[in-house]
Amino acid sequence: MSDRIWRPLRIADAPALKKMGVFQGSRKKIEAKIRQLQASCDRESLMIMTAEDEGQSPEGFFALVPDFFHPETGRLTVHVQNPDRMPDTLEKAIRTGFSGQSFLRIETWVAADQTWIVSMFENTGFSHDYRIPGMGFRNTAAADRLQMSLMKKDSPYPAVGLVPYRLGAISVTGTRDRICQLAFHLFGEPVHDPYLKDVFRMMGLIDGQDKLIQDPERIRSAGQGDRPAMVSRSLGQLSEYFRGERTRFDLALDLAGGSDFQRRVWEILSEIPYGTTTTYLDIALQMTGQDLKKARSMTRAVGSACGANPVPILIPCHRVIGHDGRLTGYSGGIANKEFLLEHEMFGI
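Every chain's residues receive numbers from 1 upward, in the order its sequence appears when written. Local features are withheld for residues below a pLDDT of 70 in this predicted model, meaning they are given only at 70 or higher, and side-chain atom pairs are given and counted only at 80 or more; totals for whole chains, interfaces and linings count all residues. For the side-chain quantities, the full set of heavy atoms in the structure was used; hydrogens and water were omitted.

**Some details on the pairing of strand S7 (residues 145–151)**
Okay, so step 1: We call a residue buried when its accessible area falls under 20% of the maximum for its residue type, exposed when it is over 50%, and partly exposed in between, using a 1.4 Å probe and counting protein chains only. Elements are defined by DSSP. Helices are runs of H or I of four residues or more, strands are runs of E of two residues or more, and each kind is numbered from the N terminus. The buried fraction of S7 is high, at 5 of 7 residues.
Okay, so step 2: Strand pairing is assigned whenever DSSP detects at least two bridges linking the two strands. With 7 bridges connecting them, strand S5 (residues 105–111) and S7 associate as antiparallel partners. Pairing of Thr-108 across the sheet is with Met-148, part of S7.

**Quick look at the state of the cysteines**
Okay, so step 1: The disulfide criterion used throughout: a pair of cysteine sulfur atoms within 2.5 Å. Per the counting criterion, the structure on display carries 0 disulfides.
Okay, so step 2: Among the cysteines around Cys-180, which has no disulfide bond, Cys-317 carries the closest sulfur, lying 17 Å off.
Okay, so step 3: Cys-180 sits in the partly exposed class, given a relative accessible area of 25%.

**Some remarks on the environment of Leu-90**
Okay, so step 1: With respect to the helices and strands, Leu-90 occurs in helix H3 (residues 86–100).
Okay, so step 2: As for Leu-90 and Thr-124, which are separated by 34 residues in sequence, their C-alpha atoms are 7.5 Å apart.
Okay, so step 3: The contact criterion used is simple: two residues touch if any of their non-hydrogen atoms lie within 4.5 Å. Apart from residues no more than four positions distant in its own chain, Leu-90 is found in contact with Leu-76, Val-78, Met-120, Phe-121 and Thr-124.

**Digging into the nonpolar core**
Okay, so step 1: To define a nonpolar core, start from buried Ala, Val, Leu, Ile, Met, Phe, Trp, Tyr and Cys residues and group those joined through side-chain atoms within 4.5 Å. Ranked by size, the top nonpolar core spans 37 residues in total, and within it Ile-170, Phe-242 and Leu-269 carry the most contacts.
Okay, so step 2: At the level of elements, strand S8 (159–165), strand S9 (168–174), strand S10 (179–186), helix H7 (229–242), helix H8 (260–269), helix H9 (280–287), helix H10 (292–307) and helix H11 (334–346) are the ones that each hand at least two residues to this core.
Okay, so step 3: If you tally residues by element for this core, the top one is H7, at 6 residues.
Okay, so step 4: Apart from residues lying up to four places away in sequence, Leu-269 is in contact with Ile-283, Cys-306, Ile-315, Pro-316, Cys-317 and Val-320.
Okay, so step 5: Core analysis: the second largest hydrophobic core is formed by 24 residues, Trp-6, Leu-76, Val-110 and Ala-112 among them.

**Details of the sheet that holds S9**
Okay, so step 1: The strand order across the open sheet formed by 3 strands is S8-S9-S10, and the pairing between neighbours is antiparallel. Two strands lie at the open edges of the sheet, namely S8 and S10, each paired on one side alone. Pairwise comparison of adjacent strand axes, ignoring direction, gives a mean angle of 20° for this sheet.
Okay, so step 2: Relative to S9, S8 is paired through 7 bridges, and the arrangement is antiparallel. The residue of S9 that forms the bridge with Val-163 is Ile-170.
Okay, so step 3: Between the N-to-C directions of two axes lies an angle of 0 to 180 degrees, each axis being a line fitted to C-alpha atoms and, for a helix, fitted only over the stretch in contact. Sitting on the sheet, helix H6 (residues 216–223) is in contact with S8 and S9, with an inclination near 155° to S8.

**Focus: a nonpolar patch on the surface**
Okay, so step 1: A contiguous nonpolar patch, built from Met-345, Phe-346 and Ile-348 and spanning about 310 Å² of accessible area, is present on the exposed surface.
Okay, so step 2: Counting through the fold element by element, Ile-348 comes out in the segment after H11. What goes into a patch is any residue over 30% in relative accessible area without a salt bridge, connected to like charges within 9 Å or, for nonpolar side chains (Val, Leu, Ile, Met, Phe, Trp, Tyr), within 5 Å. Each accessible area is a Shrake-Rupley estimate made with a 1.4 Å probe; only the visible protein chains count as cover when residues are assessed. Should a side-chain nitrogen of Lys or Arg be within 4 Å of a carboxyl oxygen of Asp or Glu, the pair is scored as a salt bridge.

**Quick look at the pattern of salt bridges**
Okay, so step 1: As enumerated under the stated definition, the model contains 18 salt bridges in all.
Okay, so step 2: The salt bridge partner of Arg-85 is Glu-59, with a shortest N-O separation of 3.0 Å. One end of the pair, Arg-85, is in the loop between strand S4 (73–80) and H3; the other, Glu-59, is in the loop between strand S2 (46–51) and strand S3 (60–66), and 26 residues separate them in sequence. Across this residue pair, the class does not change: Arg-85 and Glu-59 are buried.
Okay, so step 3: Salt-bridge contacts for Asp-177 lead to Arg-176; the nearest nitrogen and oxygen are separated by 3.4 Å.
Okay, so step 4: Owing to a relative accessible area of 37%, Asp-177 belongs among the partly exposed residues under this scheme.
Okay, so step 5: For Arg-176, a relative accessible area of 29% puts it in the partly exposed group.

**Some details on the packing of aromatic side chains**
Okay, so step 1: In this scheme Phe, Tyr and Trp rings, the latter by its six-membered ring, pair at centre separations within 6.5 Å, and the angle between planes marks the pair as stacked below 30 degrees, edge-to-face above 60, and tilted otherwise. Scanning the model with the defined rule gives 10 aromatic pairs in all.
Okay, so step 2: Geometrically, the ring pair formed by Phe-121 and Phe-126 is edge-to-face, given 4.9 Å between the ring centres and 85° between the ring planes. Each member of the pair Phe-121 and Phe-126 is classed as buried.
Okay, so step 3: Their ring planes at 25° and their centres at 6.3 Å tell us that Phe-242 and Phe-339 sit as a pair that is stacked. You can see Phe-242 sitting in helix H7 and its partner Phe-339 sitting in helix H11, a full 97 residues away along the chain.
Okay, so step 4: You can call Phe-242 buried: its relative accessible area is 18%.

As structure tokens, then:
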């Protein structure tokens, strides 16, 4: 690489970028695009590879733009004239993203039929997140697109994994060390959480009304790629649970957001045996030393703590029922509570 240098992109590079196929249109439009990019990211995130002789054409280009919704993620665009320059370009982009710009994750789109480029990203450590089917125009074929990503080693950045089950999908949000949140999403129902909605939309798992599509295999394929260690572990254990192969979970949970009272309730919930139920009153009795009067006044607070549980299933609040045997008060919805209890008790 002694005869090649990397320098920040300049407005005057507009003709070179058009020749490389980075941008299309008039020089004026391309210059406006360059200005827009320069305004949205640091100077070192828009780099071009040139020969030491300025008269030669540039051979590589990359742009690392912060994701609009998650600025800790860099969206990478790469173009090279010579395939032999791709490894050097990716190495420079990754070093810039993780060291220079302090991104925790780098994501990029690659056409699935460009196998040599896909292979280059894979060899650099990028993993497949999900695949979006190609959308043809006027009877023309269009290649599927792959989103690929690379996470900074030991990154604390939360990621989302998905597990399909009979009624829909389970989303698990966490890091390499902790699971932060678990949520239910029913087939045909809207995804309401703004962050999860964005994730599902990017994965192509919701329709135009933000409703979850009924496609378990696509959900499994999209949601179980490379994930932080604890998230990947949780996906495997949840899959075993739904196959009837697991009755307890061995995962580290982030419960720091709960009050002392809530964490005490969650601790008791975690000890309810698989396939059995208890009542809100029974939990209150445990917390009051079997003082019935105090326990009765505490049952509503116990119910609220169950509803605030950030990781249902992993902390089995679905095993808590009303004193009269009714299925009440489940954050994931009564349909899910009924399904989980039938699954555990009858193997349904």
